[in-house]
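A closer look at the structure
Residues per chain are reported as follows:
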Protein chains: 2
Amino acid sequence: TIVEVLEKEMDKQQLLKGKKVLISAGPTREKIDPVRYFTNPSTGKMGYALARQAKALGAEVTLVSGPVNLATPAGVTRIDVTTAEEMHEQMLTHFPDQDLVIKSAAVADYRPRITYDHKMKKSPGDYVVEMERTRDILAELGERKEHQYLIGFAAETQEVERYGREKLDKKNLDGIVVNNVADEGAGFGHDTNASLWMTKSGQVEAFPLMSKDELAEGILRRAAKEMSGDVV
Amino acid sequence: TIVEVLEKEMDKQQLLKGKKVLISAGPTREKIDPVRYFTNPSTGKMGYALARQAKALGAEVTLVSGPVNLATPAGVTRIDVTTAEEMHEQMLTHFPDQDLVIKSAAVADYRPRITYDHKMKKSPGDYVVEMERTRDILAELGERKEHQYLIGFAAETQEVERYGREKLDKKNLDGIVVNNVADEGAGFGHDTNASLWMTKSGQVEAFPLMSKDELAEGILRRAAKEMSGDVV
């Protein structure tokens, strides 16, 4: 009945009601010069789906976004950044008063040691780019964690469960979503898009192939349940 | 009058009537591994505007496009590529029977010497990326040129006219569009988007600030005039 549908929808809006949710999304860009940079293929769609679904579940949502071609979900506060360093600053600044924090951004782990203000002229030979590590935002959030429920993502091309578990432990996360991103070009075909949900509390659940909005809702519902102290 | 407008529109459709036009657009991506690559900020908008306007001027248009978020202009044949090597192959293959060729793609001039099939694991220290030169598509087209009218683009942050003239001569082009792409972050503000049109035949013309579609039509009209042998 219509009443049941409405009641279900209202229940849905209660799940993260009054909760503050911080989500990072998209890639970062690390410049060599004004017209050359390192990045990754993140489109931001997963993070934007999480923001949209968290809002639908009643949360107050802040979305820290790298450069993407996506519209801001209605009712979500969006903060744009470009580099890993800017992403770091925004996530650390907003972290303390959040209830749930999801790092779905694909932050560059290396950046060129030197960024030139002017376009480098080509020269005949080869050259090397010296790269340095960026700061590990997720690990720093894990260290500073107090009351927050912290979720990370892992993109792996092999030994998906082992690397996911290692990252969950090492970064002091409460939950992790592990995606197999084996290159289409490498021909791994049907493994692509398989997601595994693992928690500190010991849950391991394989999500079947589904849309990013469905996956986002699934993750948020599971996190909300754990945050509320329900036995799962 | 309506008749005059229609006549003008019909004249416009005659300018490149029966001509084959090949345009490259967008960036290329040069992979380090499945989740890390080297690229540039090209959105492909200029190349797509050129394709759209060339079609409007009556041409048969082939568009070789790097990864962009743009719809294919109506009536244009689009070929998608990712790397500089793929761009090279498509441009060289289609070059021989074209009348007008415009290289507006921002092709990476360097690529990582090694591309890994699996995601590299992070290690504590820094590292260097060994880069090698990609092939210079525009220079190769300039060498093979017979009847084609060949136009290149240059993106410069300083000494715009000097570098533009050098590139025009060195690559055996018929025309070049030089953009000042000084980084917004560098605060050069009003210099950004200034375009200079220079030809082998000696024309030098500064285009005022205008939309990419207007700039595209301006370039194509000037090229069509030179191709038809009109004294300019």
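These numbers come from a predicted model, not from an experiment.

Quick notes on the rules
Residues numbered from 1 in each chain as written. Chains lettered and ligands numbered in written order. Predicted model: local features only at pLDDT ≥ 70, side-chain atom pairs only at ≥ 80, totals over all residues. Heavy atoms only, no water. Helix = DSSP H or I, 4+ residues; strand = E, 2+ residues; numbered from the N terminus. Rg over C-alpha atoms; globule rule 2.2 N^0.38 Å. Buried < 20%, exposed > 50% of the residue type's maximum accessible area, 1.4 Å probe, protein only. Areas by Shrake-Rupley, 256 points an atom, 1.4 Å probe, with all protein chains shown as cover. Pairing = 2+ DSSP bridges. Axes fitted to C-alpha atoms, helices over the stretch in contact; angles between N-to-C directions. Polar contact = N/O pair within 3.5 Å; in protein donor to acceptor, adjacent residues only side chain to side chain. Contact = heavy atoms within 4.5 Å. Least-squares fit on C-alpha atoms with pLDDT ≥ 70 in both. Buried area = accessible area lost by both parts, 1.4 Å probe. Salt bridge = Lys/Arg side-chain N within 4 Å of Asp/Glu carboxyl O. Nonpolar A, V, L, I, M, F, W, Y, C, P; charged D, E, K, R; others polar. Expected span 1.5 Å × (residues − 1). Phe/Tyr/Trp six-rings, centres within 6.5 Å; stacked < 30°, edge-to-face > 60°. Lys NZ or Arg CZ within 6 Å of the ring centre and 35° of its normal. Parallel < 35°, antiparallel > 145°, perpendicular 65-115°, else oblique. Left-handed = near helix turned anticlockwise from the far one by under 90°.

For chain A, the helix and strand inventory stands at six helices and twelve strands. Taking 232 residues into account, the globule formula puts the C-alpha radius of gyration at 17 Å, and chain A, at 19 Å, falls close to it. C-alpha atoms of chain A, sized along the principal axes, occupy 70 × 35 × 35 Å. Counting all 232 residues of chain A, 50% fall into the buried class. In the form shown here, chain A has an accessible surface area of approximately 11,300 Å², with 50% of it arising from carbon and sulfur atoms.

Right, let's talk about the sheet that holds strand S2 (residues 30–33) of chain B for a bit. Strand order in the open sheet formed by four strands is S2(A)-S3(A)-S3(B)-S2(B), with antiparallel pairing between adjacent strands. Of all the strands in the sheet, the pair left with one neighbour each is strand S2 (30–33) of chain A together with S2 of chain B. The average angle at which neighbouring strand axes cross in this sheet is 20 degrees, direction not considered. The sheet contact formed by strand S3 (residues 36–39) of chain A and strand S3 (residues 36–39) of chain B spans three bridges and is antiparallel. Counted as the bridge partner of Phe38(A) is Phe38(B) from S3(B).

Turning next to the side chain of Thr134(A). Residues and elements named next belong to chain A. Inspection of the secondary structure puts threonine 134 in the loop between strand S8 (127–133) and helix H4 (137–144). Engagement of the side chain of threonine 134 in a polar contact is seen with the backbone oxygen of alanine 108, the distance being 2.7 Å. Excluding its chain neighbours within four sequence positions, the residues that come into contact with threonine 134 are Ala84, Ala108, Asp109, Tyr110 and Arg111.

When chain A is brought onto chain B, the operation consists of a screw motion whose angular component is 180 degrees and whose axial shift is 0.0 Å, with 0.0 Å RMSD remaining. Viewed as a symmetry operation, the transformation between the two copies matches a two-fold axis. Across chain A, the rotation axis passes nearest the C-alpha of Phe38(A), at a separation of 2.2 Å. By residue overlap, the copies meet face to face through one surface: 98% of the interface positions of chain A are interface positions in chain B.

Taken together, the 40 residues of chain A in the interface contact 39 residues of chain B. Together, the buried faces of chain A and chain B total about 3,800 Å²; carbon and sulfur atoms form 51% of this surface. Taken together, the links from chain A to chain B amount to two salt bridges. Where Asp109(A) meets Arg36(B), a salt bridge forms, and the shortest distance between an N and an O atom there is 2.6 Å. Taken together, chain A and chain B are joined by nine residue pairs in polar contact (both at pLDDT 80 or more). Contributing elements (two or more residues each) for the side of chain A that touches chain B: S2, S3, S8 and strand S9 (149–156) of chain A. With seven residues, the top contributor of residues to the side of chain A that touches chain B is S8(A). Here the residues of the side of chain A that touches chain B sort into 16 nonpolar, eight polar and 16 charged. Note: S8(A) against strand S8 (residues 127–133) of chain B, five bridges, orientation antiparallel.

Residue and element names in this part refer to chain B. Turning to its location among the elements, lysine 17 is positioned in the loop between helix H1 (2–12) and strand S1 (20–25). The exposure class of lysine 17 is exposed, given its relative accessible area of 54%. Excluding residues within four positions of it along the chain, lysine 17 makes contact with Leu57 and Gly58.

So, on to helix H6 (residues 212–227) of chain A. All names here are of chain A. Taking 1.5 Å of rise per residue, the 16 residues of H6 would be expected to cover 22 Å, and the 22 Å separating its terminal C-alpha atoms lies within 8% of that figure. Among all positions of H6, only Leu215, Ala216, Glu217, Gly218, Ile219, Leu220, Ala223, Ala224 and Glu226 are buried. Directly after H6, the chain includes glycine 229, whose backbone phi takes a positive value near 85 degrees.

To continue, consider the packing of aromatic side chains. Applying the stated criterion across every chain yields a total of three aromatic pairs over all chains. Consider the rings of Tyr110(A) and Tyr127(B), whose centres lie 4.6 Å apart with planes at 70 degrees: the pair is edge-to-face. Taken together, the residues Tyr110(A) in strand S7 (residues 110–112) and Tyr127(B) in strand S8 connect one chain to another. According to the relative accessible area criterion, Tyr110(A) is buried, its value standing at 7%. One cation-aromatic arrangement involves Arg133(B) over Tyr110(B); the distance from NZ or CZ to the ring centre is 5.5 Å.

Another point: the sheet that holds strand S7 (residues 110–112) of chain B. Strand order in the open sheet formed by four strands is S7(A)-S8(A)-S8(B)-S7(B), with antiparallel pairing between adjacent strands. At either margin of the open sheet sits one strand with a lone partner, and together these are S7 of chain A together with S7 of chain B. Adjacent strand axes in the sheet meet at a mean angle of 40 degrees when their direction is disregarded. Bridge analysis of S7(A) against S8(A) gives three bridges, and the strand direction is antiparallel.

We now examine the packing of helix H3 (residues 84–94) of chain A against H4(A). Residues and elements named next belong to chain A. Between H3 and H4, the least distance of the axes is 10 Å, while the angle of their chain directions is 20 degrees. In terms of axis orientation, H3 runs roughly parallel to H4. Along this stretch, H3 crosses H4, giving a crossing that reads as right-handed. Between H3, through Ala84, Met87, His88, Met91 and Leu92, and H4, the contact on the second element is made entirely by Ile137, Glu140, Leu141 and Arg144.

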